[in-house]
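Here is what each chain is made of, one letter per residue.
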Amino acid sequence: MLQRRELAAFRKQLLAWFKQYKRDLPWRRTKDPYRTWLSEIMLQQTRVAAVIPYYERFLERFPDVHALATAPQEEVLRLWSGLGYYSRARNLQRAAQEIVARHDGAFPRTEKEALALPGIGSYTAAAILSIAYGAKHAVLDGNVARVLARIFAVRGDLRDARRWQSLQESADALLAPGSPSDWNQAMMELGATLCTPQSPQCLLCPVTKFCQARKLGLADSIPARRKKRATENIVLAAAVLLDPRGRTLLLPPPTLSKAKATHEQISILVSKLWHFPTIAVRIDPTGELRTRLHEILPASMTKQSLQLEPLPIARHAVTYRAITLRPFRVTMAQLPRIAGAKIIPLADVASPSAHAISNLTRKAARAALAGPAALAARA
Ligand code: SF4
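Since this is a predicted model, take the numbers as computed values, not measurements.

Caption draft 1: The arrangement of the packing of aromatic side chains in detail. Taken as a whole and judged by the stated rule, the model has seven aromatic pairs. A ring pair is formed by Phe10 and Trp183, whose centres lie 6.0 Å apart and whose planes are at 50°; its orientation type is tilted. Highlighted residues: Phe10 in helix α1 (residues 4-21) and Trp183 in helix α11 (residues 180-193), separated in sequence by 173 residues. For the residue pair Phe10 and Trp183, the accessibility class agrees, reading buried in each case. Considering the side-chain rings of Tyr34 and Trp37, the 6.1 Å spacing of their centres and the 70° angle between planes classify their relative orientation as edge-to-face. Taken together, the residues span about one helical turn, with Tyr34 and Trp37 both in helix α2 (residues 33-43) at a distance of three residues. One aromatic cluster in this structure is built from Phe10, Trp183 and Phe210. Over the aromatic face of Tyr54 sits the side chain of Arg57, whose NZ or CZ is 4.8 Å from the ring centroid. Directly above the aromatic system of Tyr133 lies the positively charged group of Arg109, at a separation of 4.0 Å from the ring centroid.

Caption draft 2: Geometry of the site of the ligand. Taken together, the residues surrounding the ligand are Arg150, Ile151, Cys195, Cys202, Cys205, Thr208, Cys211 and Ala219. Looking at side-chain class alone, the shell around the ligand contains six nonpolar, one polar and one charged residues.

Caption draft 3: Fine view of helix α6 (residues 87-102). The first and last C-alpha atoms of α6 sit 22 Å apart over 16 residues, in line with the 22 Å expected at 1.5 Å per residue. The complete set of buried residues in α6 reads Arg88, Ala89, Arg90, Asn91, Leu92, Gln93, Ala95, Ala96 and Ile99. Asp104, located one to two residues past α6, shows a positive phi value of around 60°.

Caption draft 4: Broad picture of the packing of helix α8 (residues 122-133) against α11. Running from N to C, α8 and α11 cross one another at 130°; their axes reach a closest spacing of 7 Å. Of the possible angle classes, the one that applies to α8 and α11 is oblique. The hand of the α8/α11 crossing is left-handed. Counting all contacts with α8, which are made through Tyr123, Ala126, Ser130 and Ile131, the residues of α11 involved are Pro180, Ser181, Asn184, Gln185 and Met188.

Caption draft 5: Summary view of the packing of helix α5 (residues 73-80) against α6. Relative to each other, α5 and α6 sit at 135°, their axes nearing to 10 Å. The orientation of α5 with respect to α6, classified from their angle, is oblique. Note that α5 runs across α6; the crossing there is right-handed. Contact residues: Gln73, Val76, Leu77 and Trp80 in α5; Arg88, Ala89, Arg90, Leu92 and Gln93 in α6. A class-by-class count of the residues in the contact of α5 with α6 yields five nonpolar, two polar and two charged.

Thresholds applied
- Residues numbered from 1 in each chain as written.
- Predicted model: local features only at pLDDT ≥ 70, side-chain atom pairs only at ≥ 80, totals over all residues.
- Heavy atoms only, no water.
- Phe/Tyr/Trp six-rings, centres within 6.5 Å; stacked < 30°, edge-to-face > 60°.
- Helix = DSSP H or I, 4+ residues; strand = E, 2+ residues; numbered from the N terminus.
- Buried < 20%, exposed > 50% of the residue type's maximum accessible area, 1.4 Å probe, protein only.
- Lys NZ or Arg CZ within 6 Å of the ring centre and 35° of its normal.
- Near = heavy atom within 4 Å.
- Nonpolar A, V, L, I, M, F, W, Y, C, P; charged D, E, K, R; others polar.
- Expected span 1.5 Å × (residues − 1).
- Axes fitted to C-alpha atoms, helices over the stretch in contact; angles between N-to-C directions.
- Parallel < 35°, antiparallel > 145°, perpendicular 65-115°, else oblique.
- Left-handed = near helix turned anticlockwise from the far one by under 90°.
- Contact = heavy atoms within 4.5 Å.

Shown next as structure tokens:
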């Protein structure tokens with residue numbers, strides 16, 4: 001740990017650097033707990049540049065916790081569409097409803113109450129309480145852990161429970177008690193901009209003289225690389241039904257309680273949102289997708305063999321899953337009426353934020369708009 005004098009100098013230098021070089025981000029222009037909370041949830045696993053337009057659109061539609069709590073879930077998911085990790089949006093709204101019901105519409109001020117809300121873990125609670133209320137909680141996420149591990153030359157897997165606990169203790173000890181909000185943001189900013197996973201920019205770093213990893217020539221090798229989970233390759237086939245008016249059919253978000261085991265995976269892969277009829281392919285995409293269509297379409301529409309025209313293949317990644325999506329166009333004189341399903345223009349499915357759909361479904365829609373001609377052109 002740093003001695004008292006060093007600690008004071010460390011804090012002073014990092015805070016001065018942050019004051020001078022911090023990025024101008026929309027959520028830094030406010031201390032409103034609702035906005036801070038929203039930004040912290042959107043920033044989980046997502047780049048700043050991707051979050052900014054979503055953050056602004058979301059606030060236009062839901063300017064406060066009451067607007068979010070009372071909105072239809074479909075509308076919340078629509079505004080989140082394309083940002084990924086949709087459980088964040090569902091939890092955000094459930095938390096908004098709890099805040100209205102139990103906390104009079106104000107984000108709670110204690111860590112215990114914050115942690116009791118859906119979607120709030122110790123990092124998020126510390127970030128919101130320190131930034132919005134100036135509470136003395138030190139944040140520890142991947143970025144901050146990397147900075148601390150380098151400053152104190154911590155070797156080994158940082159996510160090991162005891163090591164993580166010890167990093168939290170280091171973060172608590174470093175926290176500048178007079179300015180927890182700026183302090184936490186400065187630590188995160190350092191990790192995001194200079195002390196990056198690869199090629200840290202030590203020459204520009206405001207705390208380089210305190211950094212053990214830099215002194216030992218270990219800045220590039222700390223933290224130790226984690227073993228990556230093996231990639232799971234999945235092939236999906238989706239049917240884009242199309243009528244002469246350019247409209248298509250989307251099935252409603254699957255409910256897991258109703259889903260059979262084989263459809264459970266689909267439910268996860270379409271992020272429990274609106275989707276085309278989709279199957280996980282075992283051997284034969286066309287035959288298996290045709291069987292699925294026979295299950296869901298009225299018998300009168302499947303008397304004649306359905307023509308499945310292959311469309312350009314799309315690739316998609318969700319955490320450790322690498323998905324190959326094989327869309328097929330099925331042209332029909334009339335789209336079937338299926339309970340719960342909706343019929344909308346295909347172009348709407350392809351455009352961002354028009355409906356609560358995942359990027360995977362949007363890619364299938366774009367392939368269908370490009371049409372089989374695009375496939376022939378690639379051949
Ligand atoms: S000196 Fe380099 S490794 Fe150390 S904290 Fe600064 S950027 Fe990170």
